[in-house]
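Working through the structure, step by step
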Amino acid sequence: MPYQDVFLVFWEQVKESVEEGNFAKLTMAKTIGKPDLKNIFVRPVYSKDGFKVLLKFRYRSRETEDVEEELTLDEAFLVLKPHLKKSFFSVLLFTTTKDVIFKINKKGAGSITESLPSFQNVTQAQLDQE
């Protein structure tokens, strides 16, 4: 199955984990080559305005500062999707009930696997204070 279709199934699990209150973190990893962008992290932010996520771009170079933005889950999806297969081969969803791993193989097919949870509790992201 093409990775784009499998990623939509994976993203439904992300939304379900948010609705159930067990979303802990999402990480884009397994970079392609040695790009300056090392990881993208998504952490939950609960506020009186509702659920949002803190999207953090971590760079390999020490000269490049990490970039953080607070977004809705739908906005985060639009930011993350273009990085699939272009910059990253895998996306890891950490919840308090299970870990879900989305991978793209060299032929462009996507797959989803599940494992035991890495997180016991949900920790809210904190914005870096300057």
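One can find the structure itself at the top, above this paragraph.
Residues numbered from 1 in each chain as written. Predicted model: local features only at pLDDT ≥ 70, side-chain atom pairs only at ≥ 80, totals over all residues. Heavy atoms only, no water.

Observations concerning the nonpolar core
Worth spelling out the cut-off: By nonpolar core is meant a set of buried Ala, Val, Leu, Ile, Met, Phe, Trp, Tyr and Cys residues that side-chain atoms within 4.5 Å join together. A 1.4 Å probe rolled over the protein chains alone gives each residue an accessible area, and that area as a share of the maximum for its type sets the label: buried under 20%, exposed over 50%, partly exposed in between. Comment: elements are numbered from the N terminus, with helices defined as DSSP H or I runs of at least four residues and strands as E runs of at least two. Contacts are assigned to residue pairs that have any heavy atoms within 4.5 Å of one another.
Membership of the largest hydrophobic core comes to 28 residues, with the highest contact counts inside it found for Phe 10, Leu 26 and Phe 102. Among the elements of the structure, helix 1 (3-19), strand 1 (23-31), strand 2 (37-47), strand 3 (50-59), helix 2 (73-80), strand 5 (88-95) and strand 6 (99-104) are those that each provide at least two residues to this core. If you tally residues by element for this core, the top one is helix 1, at 7 residues. Apart from the residues lying within four places of it in its own chain, the contact partners of Leu 26 are Phe 10, Trp 11, Val 14, Ile 40, Phe 41, Val 42, Leu 80, Val 91, Leu 92 and Leu 93.

Some thoughts on the pattern of salt bridges
Basically, it comes down to this: The rule for a salt bridge is simple: a side-chain nitrogen of Lys or Arg has to be within 4 Å of a carboxyl oxygen of Asp or Glu.
Taken as a whole, this structure holds 4 salt bridges when the rule is applied. A salt bridge links Glu 68 to Lys 56; the shortest N-O distance between them is 3.8 Å. A residue pair is termed long-range when its members are at least 10 positions apart, and Glu 68 in strand 4 (residues 67-71) and Lys 56 in strand 3 qualify at 12 residues. Of the charged contacts, one joins Glu 114 and Lys 98 as a salt bridge, the two residues approaching to 3.2 Å between their closest N and O atoms. Of this pair, Glu 114 sits in strand 7 (residues 110-115) while Lys 98 sits in the loop between strand 5 and strand 6; the two residues are 16 residues apart in sequence, bridging distant segments of the chain.

As for a positive patch on the surface
The following threshold applies: Like-charged residues within 9 Å of one another, or nonpolar side chains (Val, Leu, Ile, Met, Phe, Trp, Tyr) within 5 Å, are grouped into patches, provided each residue has over 30% relative accessible area and no salt bridge. All accessible-area figures derive from a Shrake-Rupley calculation using a 1.4 Å probe, and residue coverage is judged against the displayed protein chains alone. When charges are counted, neither His nor the chain ends are considered; positive counts come from Lys and Arg and negative counts from Asp and Glu. A charged residue contributes its charge at one atom only: NZ of Lys, CZ of Arg, CG of Asp or CD of Glu.
Among the surface-exposed residues, Lys 34, Lys 38, Arg 60 and Arg 62 lie close enough to one another that they form a single positively charged patch. Mapped onto the fold, Arg 60 is located in the loop between strand 3 and strand 4.

Here's the deal with the pairing of strand 3
Rules: Strands are treated as partners if at least two bridges between them are detected by DSSP.
Summarising the sheet, strand 2 and strand 3 pair through 10 bridges and their orientation is antiparallel. Paired with Asn 39 across the bridge in strand 3 is Arg 58.

Let's talk about the environment of Val 14
Considering the arrangement of structural elements, one finds Val 14 in helix 1. Sequence spacing of Val 14 and Val 100 is 86 residues, and the spatial spacing of their C-alpha atoms is 9.0 Å. For Val 14, the contacting residues outside a window of four places in its chain are Phe 23, Leu 26, Leu 73 and Leu 93.

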